[in-house]
Amino acid sequence: MSRQDYDAIIVGGGHNGLITSAYLGRAGLKTLVLERRHLVGGAAVTEEINPGFKYSVASYVVSLLRPEIIRDLDLPRHGLEILPLESTVTPLPDGDYLGRWADHDQTRRELYRHSPRDADAYDDFGTLMYQLAWAVKPILAMVPPDPLSMSPSDLRTMLRLGKHVRGLGEKQFHALYKLMTMSSADFLDEWFEFEPLKATMSASGIIGTFLGPRSPGTAYVLLHHYMGEIDGAFRAWGMAKGGNGAVSESIASAAREHGAEIRLEAPVDQIIVRGGKAVGVALENGDELYARTVVSGVDPKRTFLDLMDEGDLPAEFVDAIRRFRIRGSSGKVNLSLSELPDFTCLPGRGPHHRGAFSISPSIEYLERAYDDAKYGDFSRRPYMDIIIPSMIDPGMAPPGRHVMSIFVQYAPFDINGGWDDAKREAFGDAVINTLAEYAPNLPEAIIHRQVMTPMDMQEVMGLTEGNIFHGELSLHQLFFYRPAPAWSDYRTPVRGYYQCGSGTHPGGGVCGASGRLAALEILKDLGR
Amino acid sequence: MSAGRYDAIVIGAGHNGLVTATCLARAGRRTLVLERSDRPGGCAVTDEVWPGFRVDSGAHEFVALDRRVMSELGLGRNLETVAIDPMVASLQSDGPALRLYRDASKAVDAIRAFSERDATRWPAFVQAMGEASQALRVLSEAAPPRVAGADRADLFELARLGMRLGRVGRADTIELMRLLPMTVEELLDEWFEGVALKGALAALGCRGIRQGPLGAGTAFMLIRGLTPDAPPRAASWLPGGMGRLGEVLADAASGAGAEIRCDAAVAELLVQDGAIAGVALESGDVFESPIVASSADPRRTLFGLIDPVHLDPDFLRQVANYRDRGTCAKVHLALDAMPGVPGTDEACPSLCVAPSIEYLERAYDDAKYGGVSQAPHLEALVPSLLDSSMAPEGRTVMSVLVQYAPYDLRDGEWDDDRRDSLADSVVRTLDARLPGLANRVVHRQTLTPVDLETRFGLSGGHMHHGEMTLDQMLIGRPVPGRARYEMPVSGLYLCGAGTHPGGGLTGSPGMNAARRILG
């Protein structure tokens with residue numbers, strides 16, 4: 001009968017695709033991963049764009065990678081080593097700064113310097129956030145049920161969900177309700193008064209979204225910052241040794257050990273569907289490969305609108321995927337430096353260079369950066385999250401030299417007039433000029449600069465519209481709505497075709513939960 | 001000295017207070033309504049501002065009362081309404097106005113001039129919004145159920161609510177849940193392409209709140225303002241003006257046996273042994289009652305009228321964080337004639353300046369940083385086209401809702417200069433779209449949020465008694481854990497727009513509160 005080359009073929013060798021392949025391989029399936037580029041990792045790659053200098057080209061920190069995945073796949077043995085990022089410093093326009101350090105007491109003293117009230121509130125706030133992270137954790141680890149289905153398993157999950165919510169204390173439930181619906185600025189206004197503190201904290205609520213800190217719905221993302229820590233992992237907020245590509249490499253190595261085959265430079269053109277069932281894939285080079293199960297790790301738009309014939313999908317579902325919001329809003333600038341940036345607020349070389357820098361002096365600053373993007377421009381004075389990877393892992397740059405990783409927001413995919421080389425450079429200039437206000441030696445120190453716009457992320461990494469989360473993390477695109485109602489359990493309307501990327505629950509960040517949960521659902525369907 | 005003893009006292013004779021009082025009186029409770037101004041109605045009032053010119057000084061638009069209020073209070077016969085049609089004429093800076101009609105085929109024809117595709121989608125959009133609003137109506141006709149720590153009775157209530165939603169349709173409910181947290185821009189992008197149509201509809205999503213159409217939860221705002229059997233933008237005129245609603249509801253309350261006292265401002269809620277004992281008026285009079293329901297806004301009730309020793313500090317902190325600073329002003333204009341609306345000879349009693357989503361968002365941007373919109377969003381009603389009693393023969397009176405004009409200006413205070421420049425900006429904005437209007441203005445009056453606060457007792461001048469973003473709606477109104485009308489002092493209830501399901505002339509909060517009180 002029909003040919004079957006593999007048990008499972010996975011489209012896309014990003015971290016989620018690799019995780020799915022490793023779990024399937026571990027269960028004894030003959031698994032193939034097809035990656036379009038010459039290296040695995042998707043958006044989590046390390047590349048030597050400038051010889052000797054290693055850039056985590058897109059994704060640059062690790063915080064949310066699920067501990068059960070690290071454990072199940074024994075990633076440390078495959079080379080994963082997470083190095084802590086110890087601090088966050090927010091340089092201020094008046095020459096002062098706000099520092100938050102690894103040492104709790106030092107942070108408290110620092111906050112006290114700016115606002116005694118905030119120093120007191122900081123601990124209470126942290127406690128509440130830990131509690132809420134605990135409350136949310138089981139939901140993130142759950143396969144979303146289909147709320148319309150009457151099947152026993154969906155009803156069971158709904159019941160479990162109901163019980164969980166009912167079991168939360170009233171105080172926690174109410175705080176959670178506010179967190180899910182408020183803007184991060186409003187939420188933080190209830191706790192703190194020092195603008196740079198509120199701004200820097202609220203910034204974690206806007207990363208990767210096309211929203212400003214005053215937009216409702218951004219408060220909930222604040223939780224993510226605390227999610228990593230409740231797993232008991234020591235300083236879970238860190239950078240992988242060797243850059244974020246090393247995370248992908250370690251997962252790929254684990255997958256290979258479990259028998260998965262990874263084929264590079266093998267772009268997929270089309271999913272082959274016969275009799276309403278996915279049976280394989282056609283590559284761009286014309287090859288056809290067949291398997292009982294096909295899994296897509298790419299974003300929902302690509303998964304359903306590019307790789308499939310619309311005729312094979314219900315019209316309603318196609319509509320839902322079309323309206324799935326996936327606007328890219330961020331860019332990335334990577335620099336090779338001849339010397340460290342010298343910050344006016346903390347002159348000379350210091351421990352702050354081993355941590356993160358946040359350019360977020362006030363909520364209004366962030367909000368105005370958002371305003372630019374709303375009307376189709378990149379932010380003239382953007383929000384930035386910066387690390388100096390070579391200070392954490394000296395292997396990232398030649399001795400005495402450095403690399404700098406700058407996450408920049410906002411840069412809309414749909415920029416007025418479209419992205420071109422001139423606009424990309426203008427965007428890069430805006431970043432450097434803004435940064436030079438805080439570290440005047442920076443422009444002179446630049447040996448090489450790589451500017452990634454959302455358009456580049458789409459072209460190079462295959463992220464539709466350059467959205468780093470495979471779809472915006474707004475409430476109506478989460479849980480059982482991600483990516484479409486009734487299709488949030490990693491299955492698709494086509495039998496044998498599954499999705500395992502960030503466009504599924506819980507989505508976003510190098511967390512890997514989507515890849516793992518998808519693999520577990522596939523194995524369930526296969527009776528393994 | 002006690003001046004009287006009642007079974008229940010209602011503070012404020014606004015529409016919600018009157019609904020609560022009527023329900024209590026009908027259930028046989030001896031009920032007293034205390035009103036601080038000289039007549040009942042609250043924001044539903046009509047004033048003669050200049051000789052012969054009458055305007056609705058507070059509430060701007062009437063869509064529909066809660067159907068339970070209509071039937072249980074027997075208002076059907078007494079409350080005459082006239083459908084406003086065209087529902088709205090959305091003014092453009094060049095070219096004809098976009099008119100929307102109640103009748104689907106007329107609306108389709110009008111939209112077709114702007115976009116063929118949008119015209120064909122209009123009927124389905126109206127139906128989808130009707131279905132969503134039907135599901136939402138189920139939620140608005142009940143006290144928000146307790147979820148966390150729910151006991152048996154709560155679970156029973158929750159199940160009943162679930163069944164009622166099930167009857168509306170499970171798919172509709174799931175769809176409604178998807179729509180609620182969306183931005184109104186996202187919602188409209190799913191349906192339409194026309195800039196003008198999207199602007200005119202998006203305006204409904206941010207009316208009265210400090211959000212632009214790109215703010216999450218504004219889709220919910222649009223849907224909650226609808227009534228299931230009429231298209232978005234439908235509204236009605238009450239012959240005689242908005243004050244008519246206040247009169248009808250006051251008559252219903254009196255008819256049911258409630259006593260209404262005007263010029264009776266409450267100074268303090270009296271508490272004894274942790275339970276409400278009555279109220280003291282500013283005049284010194286004391287009325288005793290084991291039940292007090294306040295239709296004043298949450299801040300005024302809980303921060304103004306009650307000694308804080310009776311309230312838990314954590315609860316007070318939450319109320320302090322309740323966001324209720326208004327962003328709407330009203331400008332009333334008397335004109336010696338009504339300028340023509342571009343593109344039509346038809347009388348258009350309802351106009352708006354909301355030409356695009358971007359226009360609205362930019363108007364909001366100014367308010368975000370504490371300023372007045374340079375180019376404001378306007379909703380203008382021309383009562384004299386609907387009702388000859390509103391202006392002298394041949395003259396025109398126009399009532400304009402202006403957004404955004406924040407209560408809390410970043411620099412400076414609301415004074416006469418700022419009032420003037422706001423009125424100037426309104427006239428200029430209208431004149432650019434209704435050529436000749438500026439020269440026809442005979443009188444003008446500006447009510448800033450500060451004036452609305454003084455006149456109507458609205459904290460922050462907020463016409464909805466507080467922001468209607470999702471965190472302050474449903475189980476979060478006014479604060480999470482206190483959305484079921486009972487306040488933490490036994491016998492004290494809230495029954496105004498600061499409770500679920502929020503502002504607007506529906507009477508739903510008053511009705512829900514009365515049902516909780518009656519148990």
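Just so we're clear, the structure is a prediction, and the values are computed from it rather than from any experiment.

Chemist: Mind showing me how you'd approach empty space enclosed by the protein here?
Modeler: Gaps between atoms show up when a probe of the same size as a water molecule is rolled over them. Evaluation of the coordinates by the stated rule reveals seven cavities of 30 Å³ or more. Of the voids in this model, the largest cavity is the one considered here, and its volume is about 250 Å³. Lining the largest cavity are 23 residues, with Leu-211, Pro-216 and Ser-474 of chain A together with Thr-183 and Ala-216 of chain B positioned closest to its centre. Breaking the lining of the largest cavity down by element, the ones donating at least two residues are helix 6 (170–181) of chain A together with helix 7 (184–189) of chain B. Each residue belonging to the lining of the largest cavity can be placed in one class, and the counts come to 12 nonpolar, seven polar and four charged. For the second largest cavity, the calculated volume is near 200 Å³.

Chemist: Just checking my understanding: could you explain the nonpolar core for this structure?
Modeler: The biggest cluster of nonpolar side chains holds 166 residues, and the ones touching the most others in it are Ile-406 of chain A together with Trp-122 of chain B. Excluding anything up to four places from it in sequence, Ile-406 of chain A contacts Gly-331, Lys-332, Val-333, Leu-335, Met-384, Asp-385, Ile-386, Val-431 and Leu-435 of chain A. The next biggest cluster of nonpolar side chains, apart from the first, holds 38 residues, and it includes Ala-8, Val-33, Ala-250 and Ala-514 of chain B.

Chemist: In this structure, what is going on with helix 15 (residues 421–436) of chain A? I would like to understand it.
Modeler: Owing to its 3.6 residues per turn, the α-helix aligns residues three or four sequence positions apart on the same side. Counted at 1.5 Å a residue, the expected span for helix 15 of chain A with its 16 residues is 22 Å, and the 22 Å between its end C-alpha atoms agrees. Three or more residues of helix 15 of chain A are buried, namely Phe-427, Gly-428, Ala-430, Val-431, Ile-432, Thr-434, Leu-435 and Ala-436 of chain A.

Chemist: Which parts of the structure should I look at to understand the pattern of salt bridges?
Modeler: Should the charged atoms of two oppositely charged side chains come close, the side chains can pair. If you walk through the whole model with that rule in mind, you get 75 salt bridges over all chains. Among the salt bridges present, the one from Glu-68 of chain A reaches Arg-66 of chain A, with a minimum N-O distance of 3.6 Å. Both residues of the pair, Glu-68 of chain A and Arg-66 of chain A, belong to the buried class. Residue Asp-365 of chain B is joined to Lys-368 of chain B by a salt bridge in which the shortest nitrogen-to-oxygen separation is 3.6 Å. Highlighted residues: Asp-365 of chain B and Lys-368 of chain B, both in helix 13 (residues 357–368), separated by three residues, approximately one helical turn.

Chemist: Just to check I follow, could you spell out the environment of Cys-328 of chain B for this structure?
Modeler: Residues and elements named next belong to chain B. Residue position: Cys-328 is located in strand 15 (residues 328–335). Linking Cys-328 and Gly-28, residues 300 residues apart in sequence, is a C-alpha distance of 40 Å. If we ignore the near neighbours within four places in the chain, the residues touching Cys-328 are Gly-208, Leu-401, Val-402, Gln-403, Ala-405, Pro-449, Leu-452 and Met-463.

Chemist: Please clarify how the pairing of strand 2 (residues 8–11) of chain B should be interpreted in this entry.
Modeler: Note on strand geometry: in a regular strand, side chains alternate between the two faces of the sheet. Residues and elements named next belong to chain B. Because side chains alternate across strand 2, one face comprises the buried residues Ala-8 and Val-10, and the other comprises Ile-9 and Ile-11, equally buried. Two strands pair when backbone bridges link them, and strand 2 and strand 3 (residues 31–34) are joined in this way by four bridges, in the parallel orientation. Each residue of the ladder has a partner; that of Ala-8, found in strand 3, is Thr-31. Between strand 2 and its parallel partner strand 3, the chain crosses via helix 1 (residues 15–26), and the hand of that crossover is right-handed. The pairing of strand 2 with strand 14 (residues 292–294) spans three bridges and is classified as parallel. Directly across from Ile-11, in strand 14, lies its bridge partner Ser-294.

So, how was this worked out
- Residues numbered from 1 in each chain as written.
- Chains lettered and ligands numbered in written order.
- Predicted model: local features only at pLDDT ≥ 70, side-chain atom pairs only at ≥ 80, totals over all residues.
- Heavy atoms only, no water.
- 1 Å grid on protein atoms, 1.4 Å probe; cavity = no way out; pocket = protein on both sides within 12 Å on 5 of 7 lines; lining within 4 Å.
- Points joined across faces, edges and corners; volume = space filled by probe spheres on them.
- Helix = DSSP H or I, 4+ residues; strand = E, 2+ residues; numbered from the N terminus.
- Nonpolar A, V, L, I, M, F, W, Y, C, P; charged D, E, K, R; others polar.
- Core = buried A, V, L, I, M, F, W, Y, C linked by side-chain atoms within 4.5 Å.
- Buried < 20%, exposed > 50% of the residue type's maximum accessible area, 1.4 Å probe, protein only.
- Contact = heavy atoms within 4.5 Å.
- Expected span 1.5 Å × (residues − 1).
- Salt bridge = Lys/Arg side-chain N within 4 Å of Asp/Glu carboxyl O.
- Pairing = 2+ DSSP bridges.
- Right-handed = clockwise from strand over helix to strand, strands pointing away.

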